[in-house]
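Coordinate inspection notes
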Amino acid sequence: MTAIGAQAQRLLAQRPQQKSFFETLIRSLIILCVAIAVVLSSISVCDGRWLFARGQLFGLWHFCTVSNSSVLKCVTDLSLANVEGLSVGVIPIRSMVSFAVVVAIFGLELLMVSQVCEDANARRKWSMGSILILISFLLSAAGVLSFSILVKDHLTFTGFTLTYWCEFVAAFLFFLNGVSGLHINSLTHPRNRVGKI
């Protein structure tokens with residue numbers, strides 16, 4: 001084999017394999033769903049009013065009461081809610097769900113960069129982004145569950161507000177897309193093929 005032929009084979013071997021249409025579509029859908037989850041979680045955290053029960057609105061940032069004239073009176077002192085541990089318990093919940101949004105944004109950024117810049121580290125960036133999305137799921141789920149436990153005496157299924165369900169759906173989407181991202185990466189880049197490159 002001539003030197004030119006050997007060089008050509010090396011260049012062909014180093015060239016990244018073309019992705020199939022379905023792989024690109026699935027990765028794009030994962031990115032889209034993660035972006036939707038980030039928006040839902042951000043709305044939920046910023047509003048923070050998660051439970052309405054007995055004329056009272058419990059939230060991460062405010063406690064509100066509804067008077068006879070249907071005027072909403074809100075205070076930031078959550079000890080006025082007369083729920084044991086609420087004023088102290090929401091502090092780690094706020095931190096968890098807020099940090100979940102931040103981690104998800106970094107994960108989403110890694111997912112997008114891995115698709116735009118297809119270099120040798122694209123697969124690792126995708127995996128790291130998927131892992132960050134799973135960490136966001138853990139933080140969001142822990143926040144949602146902790147809040148539910150904290151106000152368990154006031155819980156009714158219809159009492160949960162739309163922003164609570166936004167956070168619940170966001171946590172679910174974080175889980176699905178994190179697992180899907182890792183799974184599609186393992187399907188399209190098996191370990192034995194990576195070792196040969």
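The shown structure was predicted, so the numbers you read here are calculated from the model rather than taken from an experiment.

The subject of this paragraph is the pattern of salt bridges. In total, this model carries two salt bridges according to the counting rule given. The residue R27 makes a salt bridge to E23 at a minimum N-O spacing of 3.1 Å. In this pair, R27 and E23 both sit in helix α2 (residues 21–47), four residues apart, roughly one turn of the helix. Each of the two residues, R27 as well as E23, counts as buried.

Bringing the packing of α2 against helix α4 (residues 122–150) into the picture now. Relative orientation of the contacting elements α2 and α4 amounts to 30 degrees, with a least axis distance of 12 Å. The hand of the α2/α4 crossing is left-handed. Facing R27, I30, I31, V34 and S41 of α2, the residues of α4 in contact are W126, I133 and S140. Split by residue class, the contact of α2 with α4 holds five nonpolar, two polar and one charged.

Let us now look at the sheet that holds strand β2 (residues 56–59). Pairing is antiparallel in the open sheet, where four strands are placed in the order β1-β2-β3-β4. Either end of the sheet is taken by a strand with one partner, and the two such strands are β1 (49–53) and β4 (72–75). Strand-to-strand twist in this sheet, taken as the mean axis angle between neighbours without regard to direction, amounts to 20 degrees. Sheet topology places β2 next to strand β3 (residues 63–66); three bridges connect them, and they run antiparallel. Bridge pairing in β3 places Q56 opposite T65.

Our next topic: the pairing of β4. Sheet analysis places β3 next to β4, joined by four bridges and oriented antiparallel. Looking at β4, one finds that V66 is bridged to L72. Joining the antiparallel neighbours β3 and β4 is a turn of five residues, in which S70 adopts a positive phi near 60 degrees.

Take the packing of aromatic side chains next. For any pair of aromatic rings, geometry is given as the distance between the ring centres together with the angle between the planes. With the rule as written, the count across this model stands at nine aromatic pairs. Between the aromatic rings of F137 and F175, the centroid separation amounts to 5.0 Å while the plane-to-plane angle is 50 degrees, which identifies the pairing as tilted. Separated by 38 residues along the polypeptide, F137 in helix α4 and F175 in helix α5 (residues 162–188) bring together distant segments of the chain. Note on F137: relative accessible area 22%, which makes it partly exposed. For F175, a relative accessible area of 34% puts it in the partly exposed group. Between F160 and Y164, the aromatic rings sit 4.0 Å apart at their centres with planes inclined by 10 degrees, giving stacked as the arrangement. Neither residue differs from the other here; F160 and Y164 are each classed as buried. Members of the aromatic cluster, joined through ring pairs, are W50, F147, F160, Y164, W165 and F168. One residue, R27, lies across the ring of W126, its end atom 4.6 Å from the ring centre.

Analysis parameters
Residues numbered from 1 in each chain as written. Predicted model: local features only at pLDDT ≥ 70, side-chain atom pairs only at ≥ 80, totals over all residues. Heavy atoms only, no water. Salt bridge = Lys/Arg side-chain N within 4 Å of Asp/Glu carboxyl O. Helix = DSSP H or I, 4+ residues; strand = E, 2+ residues; numbered from the N terminus. Buried < 20%, exposed > 50% of the residue type's maximum accessible area, 1.4 Å probe, protein only. Axes fitted to C-alpha atoms, helices over the stretch in contact; angles between N-to-C directions. Left-handed = near helix turned anticlockwise from the far one by under 90°. Contact = heavy atoms within 4.5 Å. Nonpolar A, V, L, I, M, F, W, Y, C, P; charged D, E, K, R; others polar. Pairing = 2+ DSSP bridges. Phe/Tyr/Trp six-rings, centres within 6.5 Å; stacked < 30°, edge-to-face > 60°. Lys NZ or Arg CZ within 6 Å of the ring centre and 35° of its normal.

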